[in-house]
Every structure is written in C-alpha cells, then in structure tokens.
Amino acid sequence: MKEIELKLQGKIKRLTNQTFKFDERAGDGWFSAVYFLKTCEIVKKFKPDNIVTMQFFQKNEAVLCGTDEAIALIKTFAKNADGLEIFSLKDGDKISPFETAFTITGPYQNFGFLEGMLDGILARRTSVATNVYNVVKAASISGVQKPVIFMGDRDDHFAQQAGDGYAAYIGGSTAQATHAMNEWWGKQGMGTMPHALLQLFGGDIVEATKAYHETYPEDELMALVDYNNDAITDSLKVAREFGSELKGVRIDTSRTMVDQHFFRNPEVLGSFDPRGVNPELIFALRKALDQEGFQHVKIVVSGGFTEERITAFEKLGVPVDIYGVGSNLLKINIGFTGDNVLMNGKHQAKAGRVYRPNPRLEKVE
C-alpha cells in the first residue's frame, strides 16, 4: 500500500523516505552549498552549544507543497534528527506572503547544511502546486470544473516527474501523463495517442484509431485529430466510424498553423487570430459533432495552454471538456528563504528578518 493511502486514512501524518527515496549522498553534503558545509564545521568547533531557529517563508499567495519531503529529508540526514524541534504547515495549505511555513530548532551544525536543499524542495513543489491550482481554478470559471491533465513529461528532466506529479496532485490535477508522475500518490499514468502513431499510419486517422482500440479495448477511446490540420473533418471521420465507442477527440494544433476549416470558410475570418487551438475552431467543432448526433464526444485541447488562456476560453464559454497543460505548470516562480532568526531563544538575525510566529504551524512528532 502506498504511503499516501495510509496518510489519507489517517494512519500516518506525513510521507517518509519510503516514498521519496533520497540519494544517500545528501547526507554527505553532496548537494549542499559548500559554504553551509564549512559553516557547520566552524560552528561545531567554536559554537557547538548554540541553539538556533531557522524559519522558512516565501513572498506569494501560494499552495504550499514539499513539507512532507522536507521533513523526511531532515529525519533522514540531519545529525541527531530526533533532537530537533520541527514545526510545519501541511502540503496543500494556502499560504500568504511572508507567512512562516516551516521552522527547525536545534544545534546549527546538525542540520544547517540542508538549508539550500530544503529551500529547493519547497520552492519547486510549491511552484508546481500553485501553478496547477491556478489553472484548475481557471478551468472552473464556467461553473463546471473541467479536468486538467498534467502533461509535463517533455518539459523538464525526467528525474523530476515523481515529485512534480505529486505537487500537481496537491494542486488539483488527478490525471497525469506518465506512471512516474503518479508514483507518490496514484497508480498509473493516462494517455491515448501521440502524433507519432498517426504518422506511422500515414495520417489515416481511422486506421490508427482502429489499431489503438484493438490493442487497448478497455481504454476510453480518444482520438488525436489535428495531424492533418483538418480537425473537424478528422473528428467526424472517427465519430462516424466508432459512434458511441468514441469518447473524445483531442486537438493540439500548433500556434503557427491555421486549421483547414478556416480556408474552407474564409468569410468567418478577420476578427480573431485563427492560429492554433482557438475558440472559433472549438465552437465550430462542437457544432459539427452535435449536428451529426455526436453530443457525447468530449473535446480535449492542448498546446500552450496557460492560466490566462484557459480563463479567456472559459469566460467565452468555449465548449472544452478537458484541458491538457504542460510546460506552463512547471515554471519555478516561487522561491523560499530559510533564515536563522533566533539563537538560544532570543532574537538574532540579519537586518530586516525577524521571527514570525505562526499559530497554524503543527509540531512534527
């Protein structure tokens, strides 16, 4: 059983290194800034009895993520970890600018070398969780919550997929492209067909979809319909062939392309940007499907979607059922800072930084 299931059942409070599987070299300082390592050695020699409190914060309205991972890092690699006092908010908590999210109290030499790694964990996980949260929120503006598929596998190093997938889950995305993205929280990735499958069938949408359906008959059948840059024509082809078995069509038209629909209907041009996946194309596709009785076929869109673009689609009432979003969810735009703010229980910090007590913090047992 995955730890996340035990956590959801209330049997454990935090995920541990059984989930995160840290590189053992972290305990040797391999991933720590050298000046932190040097400081730990100096403090151990000259000031070993000082007890410091390190406080972590960031400067945005955000969805916090990475606290379980940060705590697991400390418990795994800090010296005398059980002697440290840790207070933390929880993954998924909404946090405000400068709100204290996490504190560690103990001898600096026992944990100080982990500061940069802790900042990095909280920054990346919180950035992804917040990006996903904002996109999911935008996808509900119409009054109906549209699912958001996390498709970030090609936008960053593959080794980040498990953590990014977990952060996306915390942000509200429960459909993700790879098995690795689901490793910490789910079971399997989901997906249908890429352009490569259509290429291997010479662009024949019907034959490629037949092959897919025969090979994966238990999957909900969704066809990718922009390969020939004629999304409406190809959508109708597969809808006529598969009828009620076809559950959806996905459009991923490049932002540098204009779909053939607009060349057949030039009279509609002139008042909007016809490139890529645009509202007018989706309205026309929905109308074409409905006119032939295919109201059950869902429309999935992908290709450069952002919070702002989804917001625009939703405010226009564009008949999208599912959004696929990739690179824009992986932008690291939230940075965390760890500051030593107390020494032996009294204020001692660089100018401009003070201890900020937060009654929402929970003591980590």
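All of the points below concern the structure found in this document.

The rules behind each value
- Residues numbered from 1 in each chain as written.
- Predicted model: local features only at pLDDT ≥ 70, side-chain atom pairs only at ≥ 80, totals over all residues.
- Heavy atoms only, no water.
- Axes fitted to C-alpha atoms, helices over the stretch in contact; angles between N-to-C directions.
- Helix = DSSP H or I, 4+ residues; strand = E, 2+ residues; numbered from the N terminus.
- Parallel < 35°, antiparallel > 145°, perpendicular 65-115°, else oblique.
- Contact = heavy atoms within 4.5 Å.
- Nonpolar A, V, L, I, M, F, W, Y, C, P; charged D, E, K, R; others polar.
- Buried < 20%, exposed > 50% of the residue type's maximum accessible area, 1.4 Å probe, protein only.
- 1 Å grid on protein atoms, 1.4 Å probe; cavity = no way out; pocket = protein on both sides within 12 Å on 5 of 7 lines; lining within 4 Å.
- Points joined across faces, edges and corners; volume = space filled by probe spheres on them.
- Lys, Arg positive; Asp, Glu negative; His and termini not counted.
- Salt bridge = Lys/Arg side-chain N within 4 Å of Asp/Glu carboxyl O.
- Polar contact = N/O pair within 3.5 Å; in protein donor to acceptor, adjacent residues only side chain to side chain.
- Left-handed = near helix turned anticlockwise from the far one by under 90°.

## With respect to the packing of helix α6 (residues 115-138) against helix α13 (residues 307-315)
Then step 1. Taken N-terminus to C-terminus, the directions of α6 and α13 make an angle of 10°; their axes are 8 Å apart at the nearest point. The pairing of α6 with α13 is recorded here as roughly parallel in orientation. When α6 is examined against α13, the residues N134, V135 and A138 are found in contact with a partner set consisting of E307, I310, T311 and E314.
Then step 2. Split into classes, the residues belonging to the contact of α6 with α13 amount to 3 nonpolar, 2 polar and 2 charged.

## Topic: helix α7 (residues 161-171)
Then step 1. Of all 11 residues in α7, 9 are buried, a share of seventy percent or more.
Then step 2. Taken as a whole, α7 has its buried residues at Q161, A162, G163, D164, G165, Y166, A167, A168 and G171.
Then step 3. Close packing links the buried residues of α7 with α1 (3-8), α4 (67-77), α6, β6 (148-150) and β7 (175-176).
Then step 4. Directly after α7, the chain includes G172, whose backbone phi takes a positive value near 125°.

## Focus: the layout of surface pockets
Then step 1. Looking at the largest pocket, its volume works out to about 650 Å³.
Then step 2. Lining the largest pocket are 26 residues; nearest its centre among them are M151, D153, R154, R250 and S302.
Then step 3. Within the residue set of the lining of the largest pocket, elements represented by two or more residues are β10 (298-302) and β11 (322-325).
Then step 4. Taken together, the residues of the lining of the largest pocket break down into 10 nonpolar, 11 polar and 5 charged.

## Details of the side chain of D91
Then step 1. Here D91 is to be found in the loop between β3 (85-88) and β4 (94-95).
Then step 2. In this structure, D91 is buried with no salt-bridge partner, the nearest side chain bearing the opposite charge being K7 at 4.7 Å.
Then step 3. Among the polar contacts made by the side chain of D91, one reaches the side chain of T67 at a distance of 2.6 Å.
Then step 4. Polar contacts involving the side chain of D91 include one to the side chain of Y166, which spans 2.6 Å.
Then step 5. Apart from the residues within four sequence positions on either side, D91 is in contact with L64, C65, G66, T67, D68, Y166 and I170.

## Let's talk about the packing of α6 against α7
Then step 1. Put simply, α6 and α7 touch, their axes get as near as 7 Å, and they point 45° apart. Between α6 and α7, the angle is such that the two are oblique. α6 and α7 meet at a crossing whose hand is right-handed. Of α7, the residues touching α6 (which contributes R124, R125, V128, A129, V132, Y133 and V136) are G163, D164, A167, A168, I170 and G171.
Then step 2. In terms of residue class, the contact of α6 with α7 is made up of 8 nonpolar, 2 polar and 3 charged.

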